[in-house]
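Commentary on secondary and tertiary structure
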Amino acid sequence: MSNVNITLPDGSSKVYPQGTTGLDIAKSISSRLAKEAIAVKVGGKIRDLNAEIDGDAPVEILTFDTPEGKQVFWHSSAHIMAQAVTELFPEAKLAIGPPIEEGFYYDFEVSKPFSPEDLERIERRMQEIIDEKAVFHREDVTRREMLEKYRRDGAQYKVEMLEEDILDERVSVYKHSSFEDLCRGPHIPDTGVIKAFKLTASSGAYWRGDEKRTMLQRIYGVSYPKRKMLEDYLYRMEEARKRDHRVLGKQLELFHITNDVGAGLVLWLPKGALIRNEIENFWREEHLANGYDLVFSPHIARLDLWNRSGHTDFYAENMYQPVKVDEERFQIKPMNCPFHISMYKSRRWSYRDLPMRWAELGTVYRYEMPGVLHGLMRVRGFTQDDAHHFVSPEGMEDELVWLLKFCLHILDSFHFPDYDIYLSTRPEKAIGDPDDWVKAEGGLRHALELLNLPYSVDEGGGAFYGPKIDIKIKDALGRSWQCSTIQFDFSLPERFDLNYVDRDGQMKRPYMIHRALLGSVERFFGVLIEHYAGRFPLWLAPVQARVLPITDDQIEYGRQVVDRMKRAGLRVDLDSRSEKIGHKIRESELQKIPYMLIIGARESESDTLSVRLHGKGDQGSFEVDTLIEKMRAEIETKAPESQLT
RNA sequence: GCCCAAGUAGCUCAGUCGGUAGAGCACAUCCUUGGUAAGGAUGAGGUCACCGGUUCAAAUCCGGUCUUGGGCUCCA
């Protein structure tokens, strides 16, 4: 009888008898660990806690605190939900039920969508299954055997998975209570481990996300090993809702969307417009200081232009119908590139002129399906902070690296803690030689690697004219939105016959880069509102300070202060209503005004202000000029937070 | 586009069994002049999303349209 030699994450090793399981190991370490253990990682592979460990290996006991532990926990929860659903709705066909970032879902084919009352019934049944403390068992079977069984049962989705996705000879089935499901596993030891759960939503979801296939009904849920964790989750959701840009946009009067104007069309109210102007001013300064020229282009162009660019072939589903002007048809623009290309063709260029960088805050209109419109994040009319670089093939790589750095510099000015970078490759509908695509993808990859940026690959996510790098930022509810995009393009220069005169006097074809750094001003603003939770840094705050007189006697002094501060370039107003100071403070706090300047008899006599910072309270009194200087410095440095000490 | 839910005052929301609509906040006027998150009184404010149907009678029941919200590739 041989033993197995186990190495634990802390580096210590121990010898266990043959046939030992993850649970045995956990028990030998501490009873608490044994209680909290969900699964075990053996030599990098996640296994069931009761699986025998058959050789020497590094072993890690997984609890809910680990990402893998959470995934197992939620996956098992999905099985329990599926059991409840199949019992209550015997005709339901099972599709898939994976864990997700926070929680799990399961897709079912049912004759009628689930109602809120159905979810309550399912929850009650799930609780009973959990109370059973039913143990999960694994069984290994042949693929052929399962396929036959599922064919007999008419379990078409399982059949499809076994026919198309899971091609191993042997597959596994997990059973607990009266339920069994094809499953790779592993699973929690028993259903009793789940101490709190909630079904959070139900919705339609296409089988394999394909709108041409059957619509299934999906139920989402979350579950936890401690009741408190569920409470925390629900609290977090509530807090996230408070920083939702749609909620804050209304409260702070930043923007308005109304059906009187049209779905997906944004009205920028004065305060939102002010922030937008600050962002755009910053954007223009940075571009002019970094080798860009700024250009403007019209909103419509002859349809011929869009035929030549390929948009009418490859982008038709996002474009509005052309309008007729005299006998000519004109297309409202979904992109700015054909205009910048037409500008390029306005004269001849030399290699000495390259790289050329032309930027424009260009407003474009795209048809988006009604169901996907979302606040400022997905709209039908938006302004891209667009630019096109015209580059020689030799200069391409340096230009990409330079651009990527510039992009990160712009994003960093808004203090985003993190973002996700994607490299998107050739989509199904694309123009250009596939070999060029491969080369271009290599160029983008190289730039990312040179700058040591971690990224994921989005297969088939590129634009129709070239591959791209996207940077996505998450909103308050954890959904991720593409902001920056850097797109390689070798096709449009070809289509429009662009060229430049090279050193040797020969005509050469330039490459193009399309790029947007903020993405769209609308979406970026939405992300920014949520990022700052409406508490904009001073340089962006629409009202930077509000003067609050304690009695009407200080209104005259208040006017003088406002006037002085305005002349110093600050955005200040006066609350001259005959309300109590507490009331004025409350309203200023709710409006998230960074500086509240309180003036009573003491202040008006000594030319001072009593300063209260939003969210931070009373900061004591300051001379008016001193405060002006401090605020101006804070604006100049674009400080993320007000700090007076 | 598809599935589900919702749409009532500027905002947040009540509105029971079908009997012509209500609160709080905000707003206006007046009183109050108060030192760090809501002082008081009075007033004004509505095509109950829109169109159609059932009914003596519709915010309410039925149908349609529009809009909003959640979701629609994360191999078992």
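What counts, and at which threshold
- Residues numbered from 1 in each chain as written.
- Chains lettered and ligands numbered in written order.
- Predicted model: local features only at pLDDT ≥ 70, side-chain atom pairs only at ≥ 80, totals over all residues.
- Heavy atoms only, no water.
- Patch = residues over 30% accessible without salt bridge, like charges linked within 9 Å, V, L, I, M, F, W, Y side chains within 5 Å.
- Areas by Shrake-Rupley, 256 points an atom, 1.4 Å probe, with all protein chains shown as cover.
- Salt bridge = Lys/Arg side-chain N within 4 Å of Asp/Glu carboxyl O.
- Lys, Arg positive; Asp, Glu negative; His and termini not counted.
- Charge placed at Lys NZ, Arg CZ, Asp CG, Glu CD.
- Buried < 20%, exposed > 50% of the residue type's maximum accessible area, 1.4 Å probe, protein only.
- Helix = DSSP H or I, 4+ residues; strand = E, 2+ residues; numbered from the N terminus.
- Core = buried A, V, L, I, M, F, W, Y, C linked by side-chain atoms within 4.5 Å.
- Contact = heavy atoms within 4.5 Å.
- Pairing = 2+ DSSP bridges.
- Phe/Tyr/Trp six-rings, centres within 6.5 Å; stacked < 30°, edge-to-face > 60°.
- Lys NZ or Arg CZ within 6 Å of the ring centre and 35° of its normal.
- Near = heavy atom within 4 Å.
- Polar contact = N/O pair within 3.5 Å; in protein donor to acceptor, adjacent residues only side chain to side chain.
- Nonpolar A, V, L, I, M, F, W, Y, C, P; charged D, E, K, R; others polar.
- Axes fitted to C-alpha atoms, helices over the stretch in contact; angles between N-to-C directions.
- Domains from an automatic or database assignment.

**Let's talk about a positive patch on the surface**
On the surface, a cluster of positive charge is made up of Lys35, Lys133, Lys195 and Lys226. Residue Lys195 is classed as partly exposed on the basis of its relative accessible area, which comes to 44%.

**Remarks on unusual backbone geometry**
Cis geometry is found at the peptide bond from Gly185 to Pro186, where omega equals -5°. Tracing the chain through its elements places Pro186 in the loop between strand E11 (179–182) and strand E12 (196–206). Going from Leu354 to Pro355, the amide bond is cis rather than trans, its omega being -5°. Mapped onto the elements of the fold, Pro355 is located in the loop between helix H12 (337–344) and strand E20 (356–365). Phi angles above zero are rare outside glycine, and His415 is one such case at about 55°. Structurally, the position occupied by His415 is in the loop between helix H13 (396–412) and strand E22 (420–424). Despite not being glycine, Asn452 has its phi angle at roughly 60°, a positive value. Counting through the fold element by element, Asn452 comes out in the loop between helix H14 (434–450) and strand E23 (456–458).

**Re a nonpolar patch on the surface**
Taken together, Ile300, Val323 and Val325 make up a surface patch of nonpolar side chains, about 210 Å² in accessible area. Take Val323: it is sitting in strand E18 (residues 323–325).

**With respect to the nonpolar core**
Core analysis: the largest hydrophobic core is formed by 62 residues, its most contacted members being Phe414, Leu528, Phe536 and Leu540. Counting residues per element, this core draws most heavily on H13, which supplies ten residues. The residues touching Leu540, leaving out its near neighbours within four places in the chain, are Ile275, Glu278, Ile279, Phe414, Leu528, Tyr532 and Arg571. Leu62, Trp74, Leu199 and Leu230 belong to the second-largest nonpolar core, a separate cluster that totals 39 residues.

**Some details on the pairing of strand E1 (residues 3–7)**
A one-sided burial pattern is seen for E1, the buried positions being Val4 and Ile6 and the unburied ones Asn3, Asn5 and Thr7. With five bridges connecting them, E1 and strand E2 (residues 13–17) associate as antiparallel partners. Note that in E2 the partner of Asn5 across the bridge is Val15. Of the pairings in the sheet, the one linking E1 to strand E5 (residues 57–62) comprises two bridges and is parallel in character. Directly across from Thr7, in E5, lies its bridge partner Pro58.

**Considerations on the packing of aromatic side chains**
Counting across every chain of the model gives 33 aromatic pairs. Look at Trp74 and Tyr224: their rings are 6.3 Å apart centre to centre, the planes differ by 90°, and that puts the pair in the edge-to-face class. One end of the pair, Trp74, is in helix H3 (residues 67–88); the other, Tyr224, is in strand E13 (residues 215–224), with 150 residues separating them in the sequence. As far as burial versus exposure is concerned, Trp74 and Tyr224 are alike and both buried. Ring centres of Tyr320 and Tyr367 lie 6.3 Å apart, and the angle between their planes is 90°; on these two criteria the pair is classed as edge-to-face. Of this pair, Tyr320 sits in the loop between helix H11 (311–314) and E18 while Tyr367 sits in the loop between E20 and strand E21 (381–391), placing them 47 residues apart in sequence. For Tyr367, a relative accessible area of 31% gives the class partly exposed. Among the aromatic side chains, those forming a connected cluster through ring pairs are Phe64, Phe73, Trp74, Tyr224 and Tyr233. Above the face of the Tyr105 ring, Arg218 is positioned so that its terminal group lies 3.6 Å from the ring centre. Cation over ring: Lys333 sits above Phe339, and NZ or CZ is 5.1 Å from the ring centre.

**Examining the protein's contact with RNA strand B**
Neighbouring RNA strand B are 59 residues, the closest being Tyr105, Leu182, Pro370, Ile550 and Ser610. A distance of 2.4 Å separates a base nitrogen of RNA strand B from a polar atom in the backbone of Ile550. Glu579 is positioned such that a nitrogen or oxygen atom in its side chain is 3.4 Å from a base nitrogen of RNA strand B. Broken down by secondary-structure element, the contributors of at least two residues to the surface near RNA strand B are E12, E13, helix H8 (245–251), helix H18 (581–590), helix H19 (601–606) and strand E32 (608–613). A total of eight residues in the surface near RNA strand B trace back to one element, the largest contributor, which is H18. Within the surface near RNA strand B, the residues separate by chemical class into 25 nonpolar, 16 polar and 18 charged.

**Considerations on the pattern of salt bridges**
In the structure shown here, the tally under the stated rule is 51 salt bridges. With a closest N to O distance of 2.7 Å, Arg218 and Asp107 form a salt bridge. Pair noted here: Arg218 is in strand E13 and Asp107 is in strand E8 (residues 103–109), with a separation of 111 residues, a long-range link. The exposure class assigned to Arg218 is buried, which follows from its relative accessible area of 14%.

**Quick notes on the side chain of Ser223**
Counting through the fold element by element, Ser223 comes out in strand E13. Of note is the side chain of Ser223, whose polar atom sits 2.6 Å from the side chain of Ser77. Discounting residues that sit within four places of it in the chain, Ser223 has contacts with Phe64, Phe73, Trp74, Ser77, Phe104, Ile194, Ala196 and Phe197.

**Observations concerning the sheet that holds strand E31 (residues 595–599)**
With mixed pairing, the five strands of this open sheet are ordered in space as E30-E29-E31-E32-E33. Taken across any chain shown, the strands that pair with only one partner, and hence form the sheet edges, are strand E30 (572–574) and strand E33 (617–623). The average angle at which neighbouring strand axes cross in this sheet is 25°, direction not considered. In this sheet, E33 lies alongside E32 in antiparallel orientation, the contact comprising five bridges. When the sheet's bridge partners are listed, Leu613 is paired in E33 with Gly617. Against the sheet, helix H17 (residues 555–567) touches strand E29 (545–549), E30, E31 and E32, its axis set at about 170° to E30. Sheet contacts for H18: E29, E31 and E32; angle to E29, the most-contacted strand, approximately 170°.

**Some remarks on the domain arrangement of chain A**
For chain A, the domain assignment lists domain 1 (3–63), domain 2 (68–239), domain 3 (255–297 + 336–532) and domain 4 (545–636). In this structure, domain 3 and domain 4 have C-alpha centres spaced 41 Å apart.

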